[in-house]
Amino acid sequence: MNPAVRIRRAEPSDCAQLARLQEALWPTTSADEHASELGPVLAGRGSSTMPLVYLVAEADGGRLIGFLEVGLRSHADGCDPSHPVGFIEGWYVVEDQRRRGIGRQLLAAAEVWARRQGCREIASDTWIDNILSQRVHEALGYAVVDRCVHYRKTL
Ligand SMILES: CC(C)(COP(=O)(O)OP(=O)(O)OC[C@H]1O[C@@H](n2cnc3c(N)ncnc32)[C@H](O)[C@@H]1OP(=O)(O)O)[C@@H](O)C(=O)NCCC(=O)NCCS
């Protein structure tokens, strides 16, 4: 637990900072593009039919140093298909603040949220070459249930 960091739900005023964190995690989309998608969701006007929330880690002075996007999915690999599951859609802590328990705190808050939605399970995924993410997931109690290879062919 890091007492200098506050974990809370993101608010509309977090949009610009949160979009920059999203850009750092998903750099193929610009911060401006992330912001234009985030704005309506943070204002409670998202188009998704399933609940989706953003949790942020706020340091002293109001700087956002991490986020976790958690939603509900009707099913996820390896989970009981008869119940919706919480799903970690994105999870990021800025590099110079890692290894201080912030990722753990964000994940714990996501698990509380998913339980409150009635979920019995929570799931996540990561790329096969993201060894860091795999280590952290496993350290925090997530078991590997599947591995997948994606293919394409031009037609
Ligand atoms: C994954 C990520 C969010 C974790 O954030 P974090 O704040 O560094 O995580 P924590 O400090 O809470 O670490 C929790 C546990 O994970 C493990 N862990 C964290 N970093 C680790 C590392 N570099 N090597 C091995 N284990 C590690 C440890 O067991 C740690 O607990 P401990 O410090 O008590 O031993 C962060 O590394 C990150 O943003 N990575 C880049 C983006 C990414 O890959 N996101 C996940 C995509 S799904």
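Here, every reference points to the structure presented above.
Rules behind the numbers
- Residue positions are counted from 1 within each chain, in the order its sequence is given.
- Two thresholds apply to this predicted model, a pLDDT of at least 70 for residue-level local features and 80 or more for giving and counting side-chain atom pairs, whereas whole-chain, interface and lining totals are computed over all residues.
- Side-chain numbers here rest on the full set of heavy atoms in the structure, without hydrogens or water.
- The term salt bridge refers to a side-chain nitrogen of Lys or Arg lying within 4 Å of a carboxyl oxygen of Asp or Glu.
- Here a helix means four or more residues in a row that DSSP labels H or I, a strand means two or more in a row labelled E, and each is numbered from the N terminus.
- Type-normalised accessible area, obtained with a 1.4 Å probe on protein chains alone, sets the label of each residue: buried when under 20%, exposed when over 50%, and partly exposed for intermediate values.
- For each residue, the test is whether any non-hydrogen atom lies within 4 Å of the molecule or strand; if one does, the residue is near.
- Any pair of N or O atoms that falls within 3.5 Å is considered a polar contact. Within protein, one atom must be able to donate a hydrogen and the other to accept it, and sequence-neighbouring residues count only if both atoms are side-chain atoms.
- Only the protein chains shown count as cover for residues, with accessible areas throughout obtained via the Shrake-Rupley method and a probe of 1.4 Å.
- Only Asp, Glu, Lys and Arg are considered charged, only Ala, Val, Leu, Ile, Met, Phe, Trp, Tyr, Cys and Pro nonpolar, and every remaining residue, Gly among them, polar.
- Joining through side-chain atoms within 4.5 Å is the link that ties buried Ala, Val, Leu, Ile, Met, Phe, Trp, Tyr and Cys residues into a set, and such a set is a nonpolar core.
- Whether two residues are in contact is decided by their heavy atoms: any pair within 4.5 Å suffices.

Caption draft 1: Focus on the pattern of salt bridges. Overall, the coordinates contain five salt bridges when judged by the stated rule. Of the charged contacts, one joins arginine 6 and glutamate 58 as a salt bridge, the two residues approaching to 3.2 Å between their closest N and O atoms. Taken together, the positions of arginine 6 in strand β1 (residues 6-9) and glutamate 58 in strand β2 (residues 52-58) put the pair 52 residues apart, joining distant regions of the chain. As a salt-bridge pair, arginine 63 and aspartate 96 come within 3.9 Å of each other at their nearest N and O atoms. Of this pair, arginine 63 sits in the loop between β2 and β3 (64-73) while aspartate 96 sits in the loop between β4 (85-93) and α3 (102-116), and the two are 33 residues apart along the sequence. With relative accessibility at 39%, the residue arginine 63 sits in the partly exposed group.

Caption draft 2: Spotlight on the site of the ligand. By nearness alone, 19 residues border the ligand, and Trp91, Arg99, Gly103, Arg104 and Asn130 come closest of all. Valine 93 has a polar backbone atom sitting 2.9 Å from an oxygen atom of the ligand. Here arginine 99 contributes a backbone N or O atom positioned 2.8 Å from an oxygen atom of the ligand. The protein chains hide 77% of the 920 Å² of surface that the ligand would expose on its own. Counting residues per element, the shell around the ligand draws most heavily on helix α4 (residues 131-139), at five residues. Across the shell around the ligand, the residue classes tally to eight nonpolar, five polar and six charged.

Caption draft 3: Focus on the nonpolar core. Leu18, Leu68, Val70, Ile88 and Leu106 are the most contacted members of the largest nonpolar core, which has 35 residues in total. Elements with a contribution of two residues or more to this core: α1 (15-25), α2 (31-42), β2, β3, β4 and α3. Contact partners of leucine 68, with chain neighbours within four places excluded, come to Val53, Tyr54, Leu55, Ile88, Gly90, Trp91, Leu106, Leu107 and Ala110. Within the second largest apolar cluster, five residues are counted, among which are Cys79, Val85, Phe87 and Ala123.

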